[in-house]
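# A look at the structure
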Amino acid sequence: MSHSTVTRKGQTTIPGKIRQALQIKPGDKLQYVVEGDHATIRVHPGTRSLKGVLASKKGRKMSFSEIREAAAKAARTGEAHS
């Protein structure tokens, strides 16, 4: 079991083994869900989830609205490839 200490400012360091297991990188956003006296932490997919999302459309001319729609879909589903 890993643990960390909270500073007076409410900051803490995520242990290295946890960062590795969740593939947390600098700049990633975390989501917290509180249920009673427990909290669940998830890595928010954010822009990292968009990596390669349009790769299957390679060579096809896409309009800006098509690109925006594909990016929004990928961000909602958290999928790296559609």
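Just above sits the structure.
Description of the structure in this document. (Residues numbered from 1 in each chain as written. Predicted model: local features only at pLDDT ≥ 70, side-chain atom pairs only at ≥ 80, totals over all residues. Heavy atoms only, no water.)

## Quick word on the overall build of the protein chain
As a reminder, the rule being used: Under the scheme used here, helices are H or I runs from DSSP no shorter than 4 residues and strands are E runs no shorter than 2 residues, and both carry numbers assigned from the N terminus. Burial classes: relative accessible area under 20% of the type maximum marks a residue as buried, over 50% as exposed, and values in between as partly exposed (1.4 Å probe, protein chains only). In what follows, residue pairs with any heavy atoms lying within 4.5 Å of each other are defined as contacts. Method for areas: the Shrake-Rupley scheme with a 1.4 Å probe, in which residue coverage is limited to the protein chains shown.
Scanning the protein chain from N- to C-terminus turns up 2 helices and 2 strands. For the protein chain, the succession of helices and strands along the chain, N to C, is α-β-β-α. Across the 82 residues of the protein chain, 9% fall into the buried class. Restricting the contact set of the protein chain to residue pairs at least 6 apart, pairs at least 24 apart contribute 29%. Summed over all atoms, the accessible surface of the protein chain reaches about 7300 Å², with 55% contributed by carbon and sulfur.

## Considerations on the pairing of strand E2 (residues 38–44)
Cut-off, in case you're wondering: Any two strands are treated as partners once DSSP identifies two or more bridges connecting them.
Across 7 bridges, the pairing between strand E1 (residues 29–35) and E2 is antiparallel. Of the residues in E2, the one forming a bridge with Tyr32 is Ile41. What sits between the antiparallel neighbours E1 and E2 is a turn of 2 residues, in which Gly36 has the positive phi angle 65 degrees.

## Describing the environment of Gln31
By secondary structure assignment, the location of Gln31 is in strand E1. Sequence separation of Gln31 and Ile41 is 10 residues, and the distance between their C-alpha atoms is 5.6 Å. Excluding its chain neighbours within four sequence positions, the residues that come into contact with Gln31 are Thr40, Ile41, Arg42 and His44.

## Observations regarding unusual backbone geometry
A positive phi angle is found at Gln23, which is not glycine, with a value near 55 degrees. Its location among the elements puts Gln23 in the loop between helix H1 (16–22) and E1.

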